[in-house]
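Notes for the structure review
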Amino acid sequence: MAEKSLFVTYLLWLFGGFFGLHHLYLGRDYQALIWWMFAGGYFGLGLIRDLWRIPEYVKDANEESSYMEELAEKMRKNPKPSAGTVRYFGQVTVSDAFGYLVIGAIPKELIPEMFIPIISAVTVPLAVACGVYLVGNIGRHEGAFSSALIGAYLSLPVYFFYDAPICLTSLASLSYFNANSKKWRRTPRPHKSFARRIAFLSFCGLIYLSLWGSWLYFNCTIVKEGQEPVKCRDAAKHFFKSPIWKEFVFVMKEIWRTLQENGWREVWRAVIDAFDPVGERNAMKVLGLDGSPTQQEITARYRKLSREWHPDKHKDLEQKQIAQEKFIEIQQAYEILSKIKSGRIAQNVKDQDEFRFCVQYSDGRIRIWRLQRDRTSPAYIRYRHRGPAPGVTVRIDIGYTIRLSVVRIDCDLNANRYISDILHPVVVRYLLGVPNAIFQQDNARSHVARPVLTFHDSQDIRLSP
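Just so it is clear, the model here is predicted, and its values are computed rather than measured. (Residues numbered from 1 in each chain as written. Predicted model: local features only at pLDDT ≥ 70, side-chain atom pairs only at ≥ 80, totals over all residues. Heavy atoms only, no water.)

As annotated by UniProt and renumbered to match this structure, "transmembrane region" (unreviewed entry) occupies residues 7-26, 32-52, 115-136, 156-177 and 198-218. Helix makes up 90% of residues 32-52 and strand 0%, and the two end C-alpha atoms of the span are 17 Å apart. Between the end C-alpha atoms of residues 115-136 the distance is 32 Å, and the span holds 95% helix and 0% strand. (UniProt positions renumbered as here; feature names shortened; annotations may be inferred. Helix = DSSP H or I, 4+ residues; strand = E, 2+ residues; numbered from the N terminus.)

If you want it as C-alpha cells, here you go:
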C-alpha cells in the first residue's frame, strides 16, 4: 500500500475536511463517515482537533516504526484501552443524534398512533447501537456490534414507562460495549478495494439521507407566531415566490436593519417572514392588498379581480391562457388568506361557553350554548327546574393571548349594560393595545342588539364573521 503524505492529508483537510476526505485518504472510513454526517465532526469541533492530530494519523496509516513501538508499549501497560473523554463524548453524541433522527423520521401521519411506541422501542436502540459501534471502532480501538446492540436493548423495558429515553439507551449501550468488548486493534484491518469502501460509505449515506428526507417530508414544521404550524413540504411550495428568493438583496438589508435595531431575538422572526412559509405575503401581493385587511376587504378584492381575469371574458387563445393562469393564482391567493384569517381567529379564542345556574336547586343548571358534538352527550344534559327561582349566568372565554378582568353584573344583562359595563371599560381598552385585533362574541340577544352593533361601528371594532 502506498505511503500516505502529510502534505496531501492537510490539503484534503483544508478543502474537504467537512466531508472527511482526509480520513478517507488515510483509510479511517468510520471517522470519515461521521465527519461527513456531522459537518466536520460535531459541527467543526472534530475538524479543529484534527489540525494537530493529523501527524499521528499519518504515522499510524504508514505504520512507522517509532510510532508502532510507542503503541506497543502503550498496549503492554494498558491491556484495555482507557476511556478517553473525547471518544466517550463522541459515542454519546453520535448515538443520541442517531436515536433522535430515527424518532423524527417515523412518518406519524401514515402509522396508527398505537404502533408508534412499538416502532420506536425497536428502531431507536438499533440506531443508538450503530452510533456507539462507529465511534468505538475508530483508530486502534475496536469492539463488537453485538455488545453495543445488547446494551441498547437492555433499556427496552424503560420504553413502556417513558417516551423514547434515548439518552438512557445510549448510556446503557456505551457501558455494555466498553465493559464487554472494547479492546485494542492489534492487527491491521483487512484490505478492501476502494470501490468496495465507497459502496459501503454510499450505502450508509443513503440510509442517513433517507432518514433526514423522511423527517423533512412528514414531520418537519415551521412555526410562525399567530399561526398554526406549517409543514415544510407545504412551505417549500411558496419558496420560489417568497421575498427571500425574488428580492434577496432587499431582504438581506432588512434583516441586517432588524439585527441592528432589535437584536438577535427578532432576526429569526424576520428570516421566517422572508421565507413566507404559508404564502401570505405573495398572496397579498397577488390580490394587491397592504397592511392587515379584513376578511370583507379580501373577499371584495377577490371578487373584483376574479371578474376582471375570468377566462370567459377573453376570446383570443393566448390571452385566454394568460387569464386562466392569473385566475387560478387569484383563487389560490384568496384561499390562502382566508385560511390564515380563520386560523388566527381560532387560535386566539380556543373555547367559549355560557352556563346558567339555578341558585335554589342543585339540579337546575341549564346549558345555554354548547358545541354541536356535545348536544347529545349525557354529561351535558341537565333537567331544567321549571318553577321560579333566582339564577346567575356565567360566561367563560378561554384564549391563549387574552387575560381580562372578571366583570360582575348583579342584574339582567341587556344591550345598554353590555356596552357600559363590559364593552366600553374592558373590551375597548384591551383592543386599543392590540393592533389589528378581531373581537369575537356569540349571538346572544344583548350582544347583537342594534345599540351594540352601532357601538362597534363607532369604536372601529372588527368582529369575526
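After that view of the structure, there is still more to cover.
By secondary structure assignment, the location of I419 is in helix α19 (residues 415-432). Assessed through its relative accessible area of 14%, I419 is described here as buried. In sequence terms I419 and H456 are 37 residues apart; their C-alpha atoms lie 9.5 Å from each other. Each residue touching I419, except ones within four places of it in the same chain, is listed here: H424, P425, P451, V452 and F455. (Buried < 20%, exposed > 50% of the residue type's maximum accessible area, 1.4 Å probe, protein only. Contact = heavy atoms within 4.5 Å.)

Per the counting criterion, the structure on display carries nine salt bridges. Among the salt bridges present, the one from E109 reaches K231, with a minimum N-O distance of 3.7 Å. With E109 in the loop between α7 (85-105) and α8 (116-136) and K231 in strand β4 (residues 230-231), the pair connects residues that are 122 residues apart, well separated along the chain. Since its relative accessible area comes to 24%, K231 is described here as partly exposed. Between K320 and D312 there is a salt bridge, and its shortest N-O distance comes to 4.0 Å. Take D312: its relative accessible area is 60%, and that puts it in the exposed class. (Salt bridge = Lys/Arg side-chain N within 4 Å of Asp/Glu carboxyl O.)

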